[in-house]
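Structural features, examined
Here is how the chains run, residue by residue.
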Amino acid sequence: MTEDLKGLALDAIATSAAADDPDYPHFHVVPPIGRLNDPNGLLVDRGTYHAFYQFSPFHPHRKLVYWGHSSSTDLLHWRHHEPAIIPDSFYDRSGAYSGNAIVLEGHEVDAAPAGAPCQLFYTGNLKDPVTDERTASQCLVTSSDLSAFTKWPGNPLIPTNAEGYTAHYRDPQVFRDPDRPGEYRMLIGVQRTNETGAAVLYRSRDLISWELEGELSFPDADGAFDSFGYMWECPGLVRVKDEVTGEDWDVLVWCPQGITPQREGFENVFPCVYMVGELVGTEFRGADGDYWEVDRGFEFYAPQVFADRARAWGRADPALLLGWAGNAGEDDQPSISTGGWVHALTAPRALSLAGGRLVQRPHLPGLPLEPTGFPGSVVGGGARVAALESSRSWRFSASLDHEPGACVELRVGGDSGLVVRVSESLLEVDRSRTRYPHGGIRRVSLEPGWAGSVEVVHDRSITEIFLGGGRLAFTLRSFLEGTGSGLVLGASGGAVRVASARAARAD
């Protein structure tokens, strides 16, 4: 008898005690039970944000990967829904892996598969139980109401990897072609048969029949990406405006596995990087071989941008990004024993560019910042300022004036929790006294001017730090000792003046 995988997942969710766990975040996307990883199929439909994600409801006992589903109207309060994609077909029984969504309207819907406005694309993973040989295929799910989801009867759309590539062929991003109306493109992360990473592009007029265009190339990079890691995961393109020049640029974000850059950073299990250029055909022009990490924190991977209607690239405006606040292989976290769940997604971030570099700012309209009562306060020499006392879920933003040599200290959860130190040239994040078992202290060199602007988003067991007006992002899991709460500002090595400060509580 065939297992009812959807019913088993719903039974597990119904018995979950995850929401009672004191570490369970208040306004971040988290699983109702089990394991969460990559964000998938992010979309906005008539003012409601939908976040799908890799979901393993029986973790750690059974590794069945579904697409979980949560929604929100304010990006603050998230509602769990039934799993959207169940790994119960011949082509995905080893997991419904990552992918994205496209939201259609008007005549597009009439011509779309099943006449549905919401099209979800994903990788079906299949492993032979005897040989362990992998088959990866690109598949389609349609939905008219984002409540019922139907697998396309002609799945898989792309049944296997193209010649010259291995079965590591996954994570499709489908988008409208801004230069050829009525056509769509699909970007897939791949591994060549020589075990180097790359990405390929397909083209379609009907979202069903896909023709391989070729490998994504970088004609201005002097071969920098010809042998760049052994696999490229979760590639995504988004077009954003540069605040300095007013120009629109394409940003390629992807996760190259197996790179070892000889410079600061890239300390996580696998990195997530970006570059800026212009997509023309299969060429990503203007990228000179330089690239940067999207987030310098302990936990960050596989980000994706929300899709929306009636936009050339089909993205929300502003472009909003969510990432996975986790790393591969780091599932042994306190929340497994206390609540039967693990991992979270980041808070939404609005994207832009500034002088060719990515800017990420927390986008939480449901949690607006309000002025606090201590602008003009000076910390240092034993003087401290306490903010957000008794709150375990909050956001805080400040403009700071540093004396030469001064370092501001932000203590989250009192003296036994997380310590963030910001000097004019260095960010140091110390979670060595928290309950989190992976990684203790990380230091990041700062570019001039970044230390004067600090924003912290904290939600029980996840913390996100933004410096320089969003020019640097740092994500970490922060399981504080005891019932730690609030924020205390101090300084060492000199005085720091709080020129302005705003805050908001979420609990």
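Okay, so let's go over this structure. Bear in mind that the values here come from a model prediction, so they are computed numbers and not experimental data. (Residues numbered from 1 in each chain as written. Predicted model: local features only at pLDDT ≥ 70, side-chain atom pairs only at ≥ 80, totals over all residues. Heavy atoms only, no water.)

As for the sheet that holds strand E21 (residues 349-354)
To be explicit about the condition: Two strands are said to pair when DSSP picks up at least two bridges between them. Segments assigned H or I by DSSP are reported as helices when at least four residues long, segments assigned E as strands when at least two residues long, and all are numbered from the N terminus. To obtain an axis, a line is fitted to C-alpha atoms, over the contacting stretch when the element is a helix, and the angle between two such axes runs from 0 to 180 degrees between their N-to-C directions.
The 4 strands lie next to each other as E18-E19-E21-E22, forming an open sheet whose pairing is antiparallel. Single-partner strands in this sheet number two, and they are strand E18 (301-305) and strand E22 (357-362). With direction set aside, neighbouring strand axes in the sheet form an average angle of 40°. Two elements, strand E19 (residues 320-324) and E21, share 2 bridges in a ladder whose sense is antiparallel.

Brief notes about the sheet that holds strand E7 (residues 134-143)
Read from one edge to the other, the open sheet built from 4 strands follows the order E5-E6-E7-E8, with strand pairing classed as antiparallel. Edge positions in the open sheet fall to strand E5 (96-103) and strand E8 (150-151), since each of these has one partner strand only. Bridge count between E7 and E8: 2 bridges; the pairing is antiparallel. When the sheet's bridge partners are listed, Thr-142 is paired in E8 with Thr-150.

Topic: the pairing of strand E1 (residues 34-45)
Spelled out, the test is: Each residue gets one of three labels from its accessible area relative to the maximum for its type: buried under 20%, exposed over 50%, partly exposed in between, using a 1.4 Å probe on protein chains only.
The element E1 is extensively covered by neighbouring structure, given that 12 of its 12 residues are classed as buried. Here 2 bridges tie E1 to strand E20 (residues 341-342), and the two strands are oriented parallel to one another. Pairing of Arg-35 across the sheet is with Val-342, part of E20. Counting the residues in the hairpin turn of E1 and strand E2 (residues 48-56) gives 2 residues, including Arg-46, whose phi is positive at 50°.

Considering the side chain of Asn-155
Applicable threshold: Here a polar contact is recorded for every N or O atom pair within 3.5 Å, except that within protein the pair must consist of a potential hydrogen donor and a potential acceptor, and residues adjacent in sequence are included only if both atoms are side-chain atoms. Only heavy atoms matter for contacts: two residues are in contact if any of them lie within 4.5 Å across the pair.
Relative to the helices and strands, Asn-155 is located in the loop between E8 and strand E9 (165-176). Here Tyr-91 takes part through its side chain, which lies 3.1 Å from a polar atom of the side chain of Asn-155. Polar side-chain contacts of Asn-155 include one of 2.9 Å to the backbone oxygen of Leu-140. When near neighbours in sequence (up to four residues on either side) are disregarded, Asn-155 contacts Phe-90, Tyr-91, Cys-139 and Leu-140.

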